[in-house]
Amino acid sequence: MQGKAIKSLGVVLAVAWPVLVFVLHDQVGSWPLLVAGAALLAWRMSQARYLAMVVALLMLVLGGLGHADIGMRAYPVAINALMLAVFLTSLWRGMPIVERIARLKEPDLPPAGVAYTRRVTWAWCGFFVINGSIATWTAVYADLATWTLYNGVISYGLIALMFAGEWLLRHRLRRSLS
């Protein structure tokens, strides 16, 4: 039970990171938030543990080079980069991420379904590139309020739209194949 509570806390902290930064920045400053964000990144990204540790270290190096504010804001950039790495790697090694998820519900996925899940995995890769690019721009050029708005609200809305659009497309394709 305690393990589930700790995992749930990690999810809440990861999702709320931009808002937490916005609320706490004036009280604690960039460095403590940078260290907390790097630790959260290394802890939460179990799919790419070693790469997440390297990226967390790079965030800390940014801070050490005098850019603690950018390092602190790099958390969403890092998440997008790591998710891109996980999804891209799955296209070349093993089964694509979206196919793995689809097979949980439909173990005997037909060839058309396999091809579809591969295209959806590529679509998510594109999403991570675009979202990560915008997150990078907000980390480097935007004020903290704009960074928080994009990374703590708008990007989650875009993720929801991506999920909803894929869900609608998948059901439409299924109906047309039936």
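Residues numbered from 1 in each chain as written. Predicted model: local features only at pLDDT ≥ 70, side-chain atom pairs only at ≥ 80, totals over all residues. Heavy atoms only, no water.

A. Molecular detail of the pattern of salt bridges. On inspection of all chains with the given rule, the structure shows 3 salt bridges. For glutamate 166, the salt bridge goes to arginine 170, with nearest N and O atoms at 2.8 Å. Pair noted here: glutamate 166 and arginine 170 are both in helix H8 (residues 144-177), with a separation of 4 residues, about one helical turn. On the accessibility criterion, glutamate 166 (15% relative accessible area) is buried. The exposure class assigned to arginine 170 is partly exposed, which follows from its relative accessible area of 27%. (Salt bridge = Lys/Arg side-chain N within 4 Å of Asp/Glu carboxyl O. Helix = DSSP H or I, 4+ residues; strand = E, 2+ residues; numbered from the N terminus. Buried < 20%, exposed > 50% of the residue type's maximum accessible area, 1.4 Å probe, protein only.)

B. Fine view of the confidence of the model for the protein. Per-residue confidence for the protein gives a mean pLDDT of 89, with 97% of residues at or over 70. Within the protein, no element has a lower average pLDDT than helix H1 (residues 2-28), which sits at 85, and none a higher one than helix H7 (residues 111-141), at 95. (pLDDT = per-residue confidence, 0-100.)

C. Region of the structure containing helix H2 (residues 30-44). Between its terminal C-alpha atoms H2 stretches 20 Å, which fits the 21 Å expected from 15 residues at 1.5 Å a residue. Among the residues of H2, Ser30, Leu33, Leu34, Gly37, Ala38, Leu40, Leu41 and Ala42 are the ones counted as buried. (Expected span 1.5 Å × (residues − 1).)

D. A look at the side chain of serine 30. Along the polypeptide, serine 30 turns up in helix H2. What makes serine 30 buried here is its relative accessible area of 15%. Among the polar contacts made by the side chain of serine 30, one reaches the side chain of aspartate 69 at a distance of 3.3 Å. Ignoring sequence-local partners within four residues, the contact set of serine 30 consists of His25, Ala68, Asp69 and Met72. (Polar contact = N/O pair within 3.5 Å; in protein donor to acceptor, adjacent residues only side chain to side chain. Contact = heavy atoms within 4.5 Å.)

E. Spatial organisation of a nonpolar patch on the surface. Nonpolar side chains collect at one region of the surface, where Val19, Phe22, Val23, Leu24 and Val28 lie side by side and expose about 390 Å² of accessible area between them. Structurally, leucine 24 is set in helix H1. Residue leucine 24 is classed as partly exposed on the basis of its relative accessible area, which comes to 34%. (Patch = residues over 30% accessible without salt bridge, like charges linked within 9 Å, V, L, I, M, F, W, Y side chains within 5 Å. Areas by Shrake-Rupley, 256 points an atom, 1.4 Å probe, with all protein chains shown as cover.)

F. Quick look at the nonpolar core. Leu41 and Phe87 are the most contacted members of the largest nonpolar core, which has 37 residues in total. Of all the elements in the fold, those that place two or more residues in this core are H1, H2, helix H3 (49-64), helix H4 (68-73), helix H5 (75-92), helix H6 (97-105), H7 and H8. Among the elements that line this core, the one with the most residues is H5, at 8 residues. Excluding its chain neighbours within four sequence positions, the residues that come into contact with phenylalanine 87 are Ile97, Val98, Thr121, Trp124, Cys125 and Phe128. (Core = buried A, V, L, I, M, F, W, Y, C linked by side-chain atoms within 4.5 Å.)

G. Geometry of the packing of H5 against H7. One way to put it is that H5 packs onto H7 with a least axis distance of 9 Å and a crossing angle of 160°. In terms of orientation, H5 and H7 fall into the roughly antiparallel class. Between H5 and H7 lies a crossing of left-handed hand. Within the contact between the two elements, H5 uses Pro76, Val77, Asn80, Met83, Leu84, Phe87, Leu88, Ser90, Leu91 and Trp92 and H7 uses Arg118, Thr121, Trp122, Trp124, Cys125, Phe128, Val129, Asn131, Gly132, Ala135 and Thr136. For the contact of H5 with H7, the class distribution of residues is 14 nonpolar, 6 polar and 1 charged. (Axes fitted to C-alpha atoms, helices over the stretch in contact; angles between N-to-C directions. Parallel < 35°, antiparallel > 145°, perpendicular 65-115°, else oblique. Left-handed = near helix turned anticlockwise from the far one by under 90°. Nonpolar A, V, L, I, M, F, W, Y, C, P; charged D, E, K, R; others polar.)

H. Local environment of the environment of leucine 40. Along the chain, leucine 40 falls in helix H2. When the C-alpha atoms of leucine 40 and serine 30 are compared, they prove to be 15 Å apart, with 10 residues separating the residues in sequence. Those residues within four positions of leucine 40 in sequence are excluded, and the remaining contacts are Gly10, Leu13, Ala14, Trp17 and Tyr75.

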